[in-house]
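Topology and contacts: notes
Okay, here's what each chain looks like letter by letter:
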Amino acid sequence: MPSVALHTLGCKVNFYDTEAIWQLFKNEGYEQVDFDSDKADVYLINTCHVTNTGDKKSRQIIRRAIRRNPDAVIAVTGCYAQTSPAEILDIPGVDLVIGTQDRDKLMHYVQQVQQERTPVNAVRNIMKTREFEELDVPDFADRTRAFLKIQEGCNNFCTFCIIPWSRGLSRSRDPQTVVAQARKLVEAGFKEIVLTGIHTGGYGDDLDNYKLSDLLWALDKVDGLERIRISSIEASQIDEDMIEVLNKSPKMCRHLHVPLQAGDDTVLKRMRRKYTTEEFATTIRRLHEAMPGVAITTDVIVGFPGESEEQFDAGYAYMKELGFSEMHVFPYSKRTGTPAARMEDQVDEAVKNERVHKLIDLSEQMQLAYGQKYVGHTLSVIPEREHKGSAPGSGLVMGYSDNYIQVVFEGDESLIGKLCRVEVVEAGVNECRGRLIEVCEEKPAKLERAGA
């Protein structure tokens, strides 16, 4: 039986794409083997291009695969492959470079390389692509949350970001296909679906009179689906229709990831973001009204070119006031080829570092404060796995509540993937402790809505 070893760098969308690529190999009779310990006939590396470090890591992994088996087919896909195919083909031993499209032709190219042993550059201009690439993932190994990719590309061109050049312009998956895929995932035993994409909230931008809120209502009608989670959405995309579905659909998780990036209007303008701090705050307040108890997580870039001490301090106070449930904090990293990399007033690394630590401390305070609100409340939790920090067989499992609190409680592996009612007994920064109240085989009562 031929074998393939897969390695993914970067974001959740890349992990989804790798799962979809694995299905292609599986259908051709391949078995999947461990990338680092087994010898494979084909090595596929799904690369990241978000930072210069992503490029470097990608090259390291490619070279590692070549060393493991010089006779294998070495195939490289993903964002770095899309933007820099020549750079990758310059690495001796690389056989195939295919970007972020045409992956349905992957097996054809692999066979071609095996027969001819001539390197193939299968990368086309992504900016001309207008169709969503249909690649199905009927099952996921972790068995509790399924990811469903509904969108690809981005039209925003933020000054710090290279992604539109590696993923192309925004294109949406056909709504009927999305719903059909959701039904398949429910049949495979998944109770929660996470809608994902490069710019998920941009779903529908290229469709006639159909947008993300319409898709959410269609998914709301899928029998057996308990939870719908959106991986990320921009504040500028949360309109009244979106507010209504969040408010009225019992399946929508009370958790939204809304990237802020900076808490100062001047910095936001230089980043080419599409909102002011006031508009962002208004949206967040509307979300809290529509979904009482909603957890709002965010991304923040620290030390963007020209960010002064005053701007950082103003941003810090603004974030504290908004009260996120968690912040993902990143120091600004120069991305070659973006306008921000050419800007003057680049912030000193030591200053960036200091600011990052301040915001991480703030994020931890916010996380603890959010968890404390739920001590004594009963939440719906779907256990994902045994608790990582404990010895195997310790009798503890962990999972996420609908409002994205990580809860650890006593229970065995039989609970994994089932909907449980769990009382929060103690709050912590990264996880809360809980006590199992009951296992719901039936549809849960909408208690969390009122309980918050």
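Our subject is the structure listed above.
Residues numbered from 1 in each chain as written. Predicted model: local features only at pLDDT ≥ 70, side-chain atom pairs only at ≥ 80, totals over all residues. Heavy atoms only, no water.

Of note, the phi angle at Asp102 is positive, near 65°, even though the residue is not glycine. Tracing the chain through its elements places Asp102 in the loop between strand E5 (96–97) and helix H5 (106–116). On the accessibility criterion, Asp102 (9% relative accessible area) is buried. Phi angles above zero are rare outside glycine, and Tyr404 is one such case at about 65°. We classify Tyr404 as partly exposed; its relative accessible area is 26%. (Helix = DSSP H or I, 4+ residues; strand = E, 2+ residues; numbered from the N terminus. Buried < 20%, exposed > 50% of the residue type's maximum accessible area, 1.4 Å probe, protein only.)

Within strand E17 (residues 406–410), four of the five residues are buried, which leaves the element mostly enclosed by the surrounding structure. Note that strand E16 (residues 396–401) and E17 share five bridges and pair antiparallel. Looking at E17, one finds that Val397 is bridged to Phe409. (Pairing = 2+ DSSP bridges.)

What follows concerns the packing of aromatic side chains. Counted according to the given criterion, the structure contains 11 aromatic pairs. Ring geometry for Phe160 and Phe304: centres 6.4 Å apart, planes at 85°, overall edge-to-face. Of the two residues, Phe160 is situated in the loop between strand E8 (151–152) and helix H6 (163–167) and Phe304 in the loop between strand E13 (295–302) and helix H12 (309–322); the sequence distance between them amounts to 144 residues. A single burial state applies to Phe160 and to Phe304, both of which are buried. Taking 6.5 Å as the distance between ring centres and 70° as the angle between the ring planes, the aromatic pair formed by Tyr203 and Tyr210 counts as edge-to-face. (Phe/Tyr/Trp six-rings, centres within 6.5 Å; stacked < 30°, edge-to-face > 60°.)

Right, let's get into the nonpolar core. Core analysis: the largest hydrophobic core is formed by 90 residues, its most contacted members being Phe25 and Phe280. Looking at this core, the element that brings in the most residues is helix H1 (residues 12–27), giving six residues. Not counting chain neighbours up to four residues away, the residues in contact with Phe280 comprise Ala235, Val258, Pro259, Leu260, Tyr275, Thr298, Tyr318, Leu322 and Phe324. One finds Ala5, Leu9, Ile62 and Ile74 within the second-largest nonpolar core, a separate group that totals 21 residues. (Core = buried A, V, L, I, M, F, W, Y, C linked by side-chain atoms within 4.5 Å. Contact = heavy atoms within 4.5 Å.)

With respect to the element layout, Asp345 can be found in the loop between strand E14 (326–331) and helix H13 (349–372). Taking the C-alpha atoms as reference points, Asp345 and Ser308, separated by 37 residues in sequence, lie 9.4 Å from one another. Ignoring sequence-local partners within four residues, the contact set of Asp345 consists of Pro305 and Gly306.

A covalent bond between the sulfur atoms of two cysteines is referred to as a disulfide. Counting across every chain of the model gives zero disulfides. Here Cys79 stays free of any disulfide, with the sulfur of Cys11 as its closest cysteine sulfur at 6.4 Å. On the basis of relative accessibility, which here comes to 6%, the residue Cys79 falls in the buried class. Left unpaired, Cys432 is separated from the closest cysteine sulfur, that of Cys420, by 16 Å. (Disulfide = S-S within 2.5 Å.)

If you walk through the whole model with that rule in mind, you get 29 salt bridges. Between Arg173 and Glu134 there is a salt bridge; the shortest N-O distance is 3.1 Å. Remark: Glu134 occurs in the loop between strand E6 (120–121) and strand E7 (145–149) and Arg173 occurs in the loop between strand E9 (171–172) and helix H7 (175–187); sequence separation between them is 39 residues. The exposure class assigned to Glu134 is partly exposed, which follows from its relative accessible area of 38%. Each of Asp17, Arg103, Glu133, Lys149, Glu152 and Arg167 takes part in a single network of salt bridges with overlapping partners. (Salt bridge = Lys/Arg side-chain N within 4 Å of Asp/Glu carboxyl O.)

What helix H8 (residues 212–220) keeps buried is the set Leu212, Ser213, Leu215, Leu216, Leu219 and Asp220. The buried residues of H8 occupy an angular sector of 155° when projected down its axis, which confines them to one face. Buried residues in H8 make contact with H7, strand E10 (192–196), strand E11 (227–230) and helix H9 (240–248). (Arc of directions from axis to C-beta.)

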